[in-house]
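So the chains spell out like this:
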Amino acid sequence: MAQNKIAVIRGDGIGGEVIGQGIRVINALEKRHNFRLKYTELPWGSDWYFNTGAMMPHDAIDQLSNYDAIYLGAVGHPDLQDHLTLNGLLLPIRRAFDQYVCLRPSILYPGITSPLNGYKSGDIDLVVIRENTEGEYANAGGFQYLDFSTELAVQTAIFTRHGCERVIKYAFDLAVSRGKQNRVTSITKSNAQGYGMVVWDRAFERIAAEYPNIETESLLIDAACMEFIRSPNSFDVVVGSNLFGDILSDIGGMITGSIGLSPSANIDPERRFPSMFEPVHGSAPDIAGKGISNPIATILSGAMMLKHLGQEQASNEIEAAVLEVLSRKTILTQDLGGMATTIEMGDAIIQALN
Ligand code: GGG
């Protein structure tokens, strides 16, 4: 029997309840597919911060390196500035484990109505690949004269040839393996960001030359935001920097019905370190504790984790069960226009698996 060790960080807000449903769904498949995931709960996040002054312990990365994967809910608390929660937990993990690919698919599922007119199930099927370790999230910079009227900050984005090329190459390989529109769109802003984004563009041109059968396109981030609304069906694989990938994947979630349906995988493609699987959405403090959050993004992130761990069949069955529940339109959470609770959605998906 295949066994894997999973570090579970439920984190803040709705993180705990959505991870709970993700684990239930995976548990329902273990016997059938003869695998076992052994979970260790790591109670890190904002409550840990209130007790210790840090989002996770000083040896957190050492601890996490003993696991095959990390399953994460959400981070963010209304009483803590978001830069503390992100820079204290999520971003150091992505960097320490060189999870340089953040894979964020957006698919218009059966039963889901896009807020955009004229799109039916399957018409939108794109994946945003977000560079995940450098760019605008490099955490390089500093303050001067903090708390004085002359307060200033310098924030440096870092674009390395190596960092750009490897994630862009991943995007091209994905376009080939998807076999859909055979198109890769690069997101840039090199008209205004005349250094870092130029390194990005040059990397894109070099890698594109290695894939003559893949159509390419380079869009400014502002134009890409418009095109995601105007003609989302024209996108296949989209590759962008850390910030641009984050923005576009949120748009991708909304045009396919709800960010509550958007999973993500932070991957070290070379498998030197654990990869991390989390919903795109955050901790949603406005609905935390009410039991009404949509667990599907987390359940689909669990499916991505199973695929990464070699359980492709189980992963496919989760996706199929989600599609079946959505297409029936009877059990829907509030973000999708229904009244179902988080647990009722989990129950429905487990029933569909059976
Ligand atoms: N489930 C992921 C989560 O909690 N994300 C919070 C967030 O603000 N993430 C920002 C980012 O990924 O850039």
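Everything numeric in this text was worked out from a predicted model, so none of it was measured.

Undergrad: I'm lost on the nonpolar core in this one. Help?
TA: In this structure, I70, I129 and A171 are the most contacted members of the largest nonpolar core, which totals 98 residues. A total of eight residues in this core trace back to one element, the largest contributor, which is helix α9 (residues 296-308). Two domains each provide a minimum of three residues to this core, namely domain 1 (1-103 + 259-354) and domain 2 (125-255). Beyond its immediate chain neighbours, meaning those up to four positions away, A171 contacts I129, V184, V237 and V239.

Undergrad: When you look at the sheet that holds strand β1 (residues 2-11) in this model, what are you seeing that I'm missing?
TA: Pairing between sheet strands relies on hydrogen bonds along the backbone, with the strands arranged either parallel or antiparallel. Strand order in the open sheet formed by 10 strands is β2-β1-β3-β12-β11-β4-β5-β10-β8-β9, and the pairing between neighbours is mixed. Where the open sheet ends on each side, the last strands, each with one partner, are β2 (35-41) and β9 (215-220). Taking each pair of neighbouring strands and ignoring which way they run, the sheet shows an average axis angle of 25 degrees. Running at roughly 145 degrees to strand β3 (residues 69-74), helix α1 (residues 15-33) makes contact with β1, β2, β3 and β12 (275-279) of the sheet. Relative to strand β8 (residues 183-188), helix α6 (residues 196-208) is tilted by about 165 degrees, and along the sheet it contacts β8 and β9.

Undergrad: What exactly am I supposed to notice about the site of the ligand here?
TA: Lining the immediate surroundings of the ligand are A74, V75, G76, L86, L90, D246, E278, P279, H281, G282 and S283. Every element with two or more residues in the shell around the ligand is listed here: α4 (82-96) and β12. Class assignment for the residues of the shell around the ligand results in five nonpolar, four polar and two charged.

Undergrad: I tried to follow the domain arrangement of the protein on my own but got confused; where do I start?
TA: Put simply, an interface is often sized by how much accessible area is lost when its parts join up. Splitting the protein by domain gives domain 1 (1-103 + 259-354) and domain 2 (125-255). Each of domain 1 and domain 2 has a C-alpha centre, and the two are 24 Å apart. Counting from both sides, the interface comprises 16 residues of domain 1 and, opposite them, 18 residues of domain 2. For the side of domain 1 that touches domain 2, the secondary structure elements donating two or more residues are α4 and β4 (101-107). Ranked by the residues each element gives to the side of domain 1 that touches domain 2, the list is headed by α4, at four residues. In the side of domain 1 that touches domain 2, the residues fall into nine nonpolar, four polar and three charged.

Undergrad: So what exactly am I meant to see when it comes to the packing of α1 against helix α11 (residues 342-353) here?
TA: In a packed pair of helices, the relevant descriptors are the angle between the two axes and the axis-to-axis distance. At a minimum axis distance of 10 Å, the contact between α1 and α11 shows a crossing angle of 15 degrees. Judged by the inter-axis angle, α1 sits roughly parallel to α11. As α1 packs across α11, the resulting crossing turns out to be right-handed. The residues of α11 that touch α1, namely those facing E17, V18, Q21, R24, V25, A28 and L29, are T342, M345, G346, I349, I350 and L353.

Undergrad: How should unusual backbone geometry be read in this particular structure?
TA: Leaving glycine aside, a negative phi is the common case for residues, and trans is the common case for peptide bonds. The backbone phi angle of Y145 is positive, close to 55 degrees, even though this residue is not glycine. Relative to the helices and strands, Y145 is located in the loop between β6 (135-144) and β7 (152-158). If you check the backbone angles, R271 has positive phi at about 60 degrees while not being a glycine.

Undergrad: Quick question: what am I supposed to make of the packing of α1 against α9 here?
TA: Contact geometry of α1 with α9 gives a least axis separation of 8 Å together with a crossing angle of 45 degrees. Taken together, the axes of α1 and α9 are oblique relative to one another. For the pair α1 and α9, the crossing hand works out as right-handed. Only T298, I299, S301, G302 and L306 of α9 make contact with α1, whose side of the interface consists of V18, I19, Q21, G22, V25 and I26. Counted by class, the contact of α1 with α9 contains six nonpolar, five polar and no charged residues.

Rules behind the numbers
Residues numbered from 1 in each chain as written. Predicted model: local features only at pLDDT ≥ 70, side-chain atom pairs only at ≥ 80, totals over all residues. Core = buried A, V, L, I, M, F, W, Y, C linked by C-beta atoms within 7 Å. Buried ≥ 20, exposed ≤ 12 C-beta atoms within 10 Å, placed from the backbone. Helix = DSSP H or I, 4+ residues; strand = E, 2+ residues; numbered from the N terminus. Domains from an automatic or database assignment. Contact = placed C-beta atoms within 7 Å. Pairing = 2+ DSSP bridges. Axes fitted to C-alpha atoms, helices over the stretch in contact; angles between N-to-C directions. Near = placed C-beta within 6 Å. Nonpolar A, V, L, I, M, F, W, Y, C, P; charged D, E, K, R; others polar. Parallel < 35°, antiparallel > 145°, perpendicular 65-115°, else oblique. Left-handed = near helix turned anticlockwise from the far one by under 90°.

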